[in-house]
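Architecture at a glance
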Amino acid sequence: MRTTTLERSSPPDRSPSRHPMRSAVIALALGATLFTAGAIGLAPDAGTTGATASHPAPARGSIPALQARVKHVPQDAASWAALGMGYVQQARTTADPATYDRAESALRRSLAVQPDDNLNAEIGMGALAAARHDFATALDWARQATGTDPYNPVAYGVLADAYTQLGRYPESYRAVQRMNDLRPDASALARASYTFELRGDTDQAVALMRRSLNAASTTGERSFAHTVLSGLALQAGDARQALREAETGLRTAPRDSALHEARARAEAALGMTRQAIDDFEAAIAVAPLPHYLLGLGELQQSLGHKEQASAQYAVLRGQEAIRQAGTTPADTDAILFEADHGDPERAVEMAQTALTSRPFIAVHDACAWALHRAGRDRAALDQANQALALGTRSALYRYHRAVIRHSLGDDVAARSDLEAALRTEPHFHPLHAVTARALLQRIDHTP
């Protein structure tokens, strides 16, 4: 059995085995793993089922085909599970909360038909809980799935994501290691890539994501890889490479909203603002996700287009009103939007509530910024330090901490953060990057 070792000090082999019985050893530092829940699709397709003889893959097909299947064969637990996961994926791309309810109904129907050892429904319930930001519940279902089949890599992906969002990084490391040992496919390698990205090791993150792209067996996996590679290039200050990655992905997936957003951010960094607006609008037309709306609104605001910016912000406020009517905690985009364009004290409440169930570095950063905007810089600095504790090369996180440090009178540390942010990603934000340069100049000219 061949073993591939991915060390921090050298780029990994770019031609991984895709046979499920071969393994790879990913040498990752304990406690440094972090994955975005829902970032890597878990739909039951050829690339992610991880079926075994005792737990066959669910029936595949489009949502209409699966709806027809369960109508004619209502006792088909696998098809109910596949339908439920299809709804989860659909909800992630359409931002329609009602679709999550349909997903839960289908998955619970699968569990009712087959209460025991229903691996696909257990994985689906875990992915659904993660999509709803209920990571404790996601962890419970992931543990149940790995107990049902300890050799299923997809279950370990759900487990890794849940541990990550709960701030339990050593456990997340072990889960992603197990996932790669079982099958180093596109999904597993993408998670490994993210561990290096979150520690600021962009070279290794890119190398592993290239491996993930090479291992991709579906259009969705390839689109995801190009989206991440575009973002990594932008983080490294290479906006032209970011643009090339997004355009490569869009040639085969012209309606992929994430790729349109990636191209929009690259275009904005290159000063191609008209094209960036068009791409943001294309992304929103497919899925009006909060980070697309906020990205477009702040770009329009930076250009002095107040009415157009206000239109995006109005949609965001409407989405926030819907969220408040339910039980889902606020995501970071909603917190940052409230901090910058609404009520900072309300943003602090949202962030602190989110942290109780999701002590994730992005939430620490959003909480830091909300606390700063509310005038509570001592508490803000602690949160900002936690956001950067893993070594993440986020220009936005660095900028947030720089402003907080400046407010506390520590201009030496503020300058260090500002220089790092602007060196890493000179155009990291349509509004804040300009402010960062102005603040750095003001600090440099302070006697």
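Just so you know, these numbers come straight off a predicted model, no measurement behind them. (Residues numbered from 1 in each chain as written. Predicted model: local features only at pLDDT ≥ 70, side-chain atom pairs only at ≥ 80, totals over all residues. Heavy atoms only, no water.)

1. Re the packing of helix α20 (residues 395–407) against helix α21 (residues 411–424)
Operational definition: Angles run from 0 to 180 degrees between N-to-C directions of axes, and those axes are lines fitted to C-alpha atoms, restricted for helices to the stretch in contact. Numbering of helices and strands runs from the N terminus; a helix is a DSSP stretch of H or I covering at least four residues, while a strand is a stretch of E covering at least two. Should an angle fall under 35 degrees it is called roughly parallel, over 145 degrees roughly antiparallel, and 65 to 115 degrees roughly perpendicular, with every other angle called oblique. Here a crossing is called left-handed whenever its near helix is offset anticlockwise from the far helix by less than a right angle, and right-handed whenever the offset is clockwise. Note on contacts: a residue pair is in contact if any heavy atoms of the two residues lie within 4.5 Å.
Relative to each other, α20 and α21 sit at 160 degrees, their axes nearing to 8 Å. By the angle between their axes, α20 is roughly antiparallel relative to α21. In this structure, α20 meets α21 at a crossing whose hand is left-handed. Contacts from Ala395, Arg398, Tyr399, Arg401, Ala402, Arg405 and His406 in α20 reach Asp411, Ala413, Ala414, Asp417, Leu418, Ala420 and Ala421 in α21.

2. Some points on the side chain of Asp161
In plain terms, the rule: Residue burial is assigned from relative accessible area. The probe radius is 1.4 Å, only protein chains are included, and a residue is buried under 20% of its type maximum, exposed over 50%, and partly exposed in between. In protein, a polar contact requires one atom able to donate a hydrogen and another able to accept it; more generally it is a pair of N or O atoms within 3.5 Å, and residues adjacent in sequence count only if both atoms are side-chain atoms.
Positionally, Asp161 belongs in helix α6 (residues 153–165). Judged by its relative accessible area of 6%, Asp161 is buried. A distance of 2.7 Å separates the side chain of Asp161 from the side chain of Arg191, its partner in a polar contact.

3. Description of the pattern of salt bridges
Note the cut-off: Salt bridges are identified by distance alone: a Lys or Arg side-chain nitrogen within 4 Å of an Asp or Glu carboxyl oxygen.
Applying the stated criterion to the full structure yields 22 salt bridges. Among the salt bridges present, the one from Arg132 reaches Asp101, with a minimum N-O distance of 3.0 Å. Separated by 31 residues along the polypeptide, Arg132 in the loop between α4 (119–131) and α5 (135–148) and Asp101 in helix α3 (residues 97–113) bring together distant segments of the chain. Its relative accessible area of 22% is what places Arg132 among the partly exposed residues. Overall, Asp101 belongs to the partly exposed group, its relative accessible area being 49%. For the salt bridge of Arg183 with Asp185, the shortest nitrogen-to-oxygen distance reads 3.2 Å. According to the relative accessible area criterion, Asp185 is buried, its value standing at 10%. Members of the salt-bridge network, linked through shared partners, are Asp101, Glu104, Arg108 and Arg132.

4. Overview of helix α1 (residues 63–72)
Residue pairs spaced three or four apart in an α-helix point in one direction, given the helix's 3.6 residues per turn. Where we set the bar: Directions pointing from the helix axis toward each C-beta atom define the arc.
Looking at α1, one finds that the buried residues are Ile63, Leu66 and Val70. Angular distribution of buried residues about the axis of α1 spans 60 degrees; they occupy a single face of the element. Facing away from the buried side of α1 by more than 90 degrees, the exposed set consists of Pro64, Lys71 and His72. Tucked into the core, α1 has its buried residues touching α2 (77–94).

5. Here's the deal with helix α17 (residues 344–357)
We apply this condition: Expected helix span is computed as 1.5 Å times (number of residues minus one).
Across its 14 residues, α17 extends 21 Å between first and last C-alpha, which sits within 8% of the 20 Å expected from 1.5 Å per residue. Those residues of α17 that fall on the buried side of the exposure criterion are Pro344, Ala347, Val348, Met350, Ala351, Ala354 and Leu355. Burial along α17 is one-sided: seen end-on, the buried residues are contained in an arc of 165 degrees. On the buried face of α17, the contacting elements are α15 (306–325), α16 (332–341), α18 (361–373) and α19 (377–387). Capping the start of α17, Asp343 holds a side-chain oxygen 3.1 Å from the backbone nitrogen of Glu345, two or three residues further along.

6. Focus on the packing of α19 against α20
Note the following rule: Three classes are used: nonpolar for Ala, Val, Leu, Ile, Met, Phe, Trp, Tyr, Cys and Pro, charged for Asp, Glu, Lys and Arg, and polar for all others, with Gly counted as polar.
Following both chains from N to C, one finds α19 and α20 inclined at 150 degrees, their axes separated by 9 Å at the closest point. If you check the angle between α19 and α20, you find them roughly antiparallel. Crossing of α19 against α20: the hand is left-handed. Residues Asp377, Ala380, Leu381, Ala384, Asn385 and Ala387 of α19 form the contact with α20, whose participating residues are Tyr397, Arg401, Ile404, Arg405 and Ser407. When the residues that make up the contact of α19 with α20 are grouped by side-chain class, the tally is six nonpolar, two polar and three charged.

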